[in-house]
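Summary of structural features
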Amino acid sequence: MTTPSLNIGFIGLGIMGTPMAGHLMAAGHQLFVYKRGPMPEAISQSGATACNTPRQVAERADIVFTMVPDTPDVESVLFGADGIAAGLSAGKTVVDMSSISPIATKVFAEKINALGCDYLDAPVSGGQVGAKNATLSIMVGGPEATFEKIKPLFELMGKNITLVGGNGDGQTAKVANQIIVALNIEAVGEALLFAARAGADPARVRQALMGGFASSKILEVHGERMIKRTFDPGFRIELHQKDLNLALSSARALGVSLPNTAMAQELFNSCAAHGGKGWDHSAMVRALEKMANFEIGQA
């Protein structure tokens, strides 16, 4: 079934947001966009309409997507001077695809609902590759009716699309995702470092493990990056640090202990201290290598 052309706003045109917005444009939707600084060439040449403020985006679009780095950024885009909230009228929908605090998300949703508008939190997993290939996993929190209305647009950007629960539950699922990813990166890093230091070929060890119970997407993709030393993002360490901060602060509020999450965060902190906050998160292995005084790629 062909989705009718919609007026869609998109704010947050980084390495993830740009291809995501591009998929919406390619499907025939009219986009109204806002970005601080230079507009990506892929967007400026696509026929999207550039707006001067988030408020202008909200005034012209019926559905507004946001994809920005952190909780304060979402709050600013939504409720700052000339923010989205100032341009909304009843019946419009805001969809935040950033990865931010579940607690703050519930507050943001209540404020948008008070304006007569719907709100979904819909963080994603899959990184830059998933954004480019429209294969993102999308974890959604909000009313079911709103989810069903927006789902055809989600399907232009992702494959595994799940309504987790009410507002904030999508963000909770994303935090859980980031815990699992961080701990898997750490496990793969330890295993390949151990194998290499013992004198085995880490590439062949990885190949052997890919056929067994230890197989994972992290071993497949990030294990290869560790061996080939390709640590360009990807997904930057500083962004994963932000997500684990959300996990640890939320866990503290809930009275839950996440000891291995805290350890993974300390390894990311070590990478950042060595100038690596912009490295891909697979470079967590460098912190382990520092402690071992040995690199996986050494002969």
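Along every chain, residues carry numbers that run from 1 in the direction the sequence is written. Predicted model: local features are reported for residues with pLDDT of at least 70 only, side-chain atom pairs are reported and counted for 80 or more only, and whole-chain, interface and lining totals are derived from all residues. Excluded from the side-chain calculation are hydrogens and water; included are all heavy atoms of the structure.

**A few points about the overall build of the protein**
Strands here are runs of E lasting at least two residues and helices are runs of H or I lasting at least four, both read from the DSSP assignment and numbered beginning at the N terminus. For the protein, the count of helices and strands is 14 helices and nine strands. Radius of gyration here is computed from C-alpha atoms only, and the compact-globule reference equals 2.2 Å multiplied by the residue count raised to the power 0.38. Radius of gyration (C-alpha) of the protein: 20 Å, near the 19 Å computed for a compact globule of 299 residues. Along the first, second and third principal axes, the C-alpha set of the protein runs to 65 × 45 × 35 Å. Note on classification: 1.4 Å probe, protein chains only; a residue is buried when its accessible area is under 20% of the maximum for its type, exposed when over 50%, partly exposed between these limits. Out of the 299 residues in the protein, the part that is buried amounts to 50%. Note on contacts: a residue pair qualifies if any of its non-hydrogen atoms lie within 4.5 Å across the two residues. A separation of at least 24 residues holds for 66% of the contacts in the protein among residues at least 6 apart in sequence. Averaged over its 25 positive side-chain charges, the protein has a centre that lies 4 Å from the centre of its 27 negative ones. Counted charges follow a simple rule, with Lys and Arg positive, Asp and Glu negative, and His plus the chain ends left uncounted. Here the site of a charge means NZ on Lys, CZ on Arg, CG on Asp, or CD on Glu.

**Some points on unusual backbone geometry**
Each neighbour pair has its own omega, and for Pro233 with Gly234 the value is 0°, a cis peptide bond. You will see that Ala134, though not glycine, has its phi angle at about 55°, which is positive. Relative to the assigned elements, Ala134 resides in the loop between helix 7 (127–133) and strand 8 (136–141). Backbone geometry places Arg229, a non-glycine residue, at a positive phi of 65°. Positionally, Arg229 belongs in the loop between helix 11 (217–228) and helix 12 (237–254).

**What about empty space enclosed by the protein?**
As defined here, a cavity is a set of points on a 1 Å grid over the protein atoms alone where a 1.4 Å probe fits but cannot get out. A pocket is an open set with protein on both sides within 12 Å along at least five of seven lines, and residues line them when an atom is within 4 Å of a point. Grid points are joined across faces, edges and corners, and a volume is the space filled by probe spheres set on the points. Per the stated rule, a full pass over the model turns up one cavity of 30 Å³ or more. The space that makes up the largest cavity amounts to roughly 30 Å³. Lining the largest cavity, in full, are Ser99, Ile100, Gln171, Lys174, Val175, Gln178, Asp243 and Leu246. Residue assignment for the lining of the largest cavity shows that the elements contributing at least two residues are helix 9 (169–197) and helix 12. If one sorts the elements of the lining of the largest cavity by residue count, helix 9 sits on top with four residues. Classifying every residue of the lining of the largest cavity gives three nonpolar, three polar and two charged. Charged means Asp, Glu, Lys or Arg here, nonpolar means Ala, Val, Leu, Ile, Met, Phe, Trp, Tyr, Cys or Pro, and polar covers whatever is left, Gly included.

**A look at the pairing of strand 8**
For strand 8, the tally of buried residues reaches five of six residues, placing the bulk of the element in the interior. Strands are labelled as partners when DSSP assigns at least two bridges between them. For strand 7 (residues 124–125) and strand 8, the ladder comprises two bridges, and the chain directions are antiparallel. Across the sheet, Ser125 pairs through a bridge with Ser137, a residue of strand 8. Across six bridges, strand 8 lies against strand 9 (residues 158–165) in parallel orientation. Residue Ser137 lies in a different strand from strand 9, and its bridge partner there is Asn160. With its strands directed away from the observer, a crossover is right-handed exactly when the path from the first strand over the helix to the second travels clockwise. In this region the chain leaves strand 8, passes through helix 8 (residues 144–154) and returns to the parallel neighbour strand 9; the handedness of that crossover is right-handed.

**A closer look at the nonpolar core**
Within the largest apolar cluster, 30 residues are counted, with the highest numbers of intra-cluster contacts made by Phe10, Met20, Phe65, Met97 and Phe154. Put simply, the parts of the chain that give this core at least two residues each are strand 1 (7–11), helix 1 (17–26), strand 2 (30–34), strand 4 (63–66), strand 8 and helix 8. Residues contacting Phe154, with those up to four places away along its chain left out, are Phe65, Val95, Met97, Leu120, Ala122, Ile138, Val140, Phe147 and Ile161. Buried Ala, Val, Leu, Ile, Met, Phe, Trp, Tyr and Cys residues that are joined via side-chain atoms within 4.5 Å together make up what is termed a nonpolar core. Within the second largest apolar cluster, 25 residues are counted, among which are Ile185, Ile218, Leu244 and Leu288.

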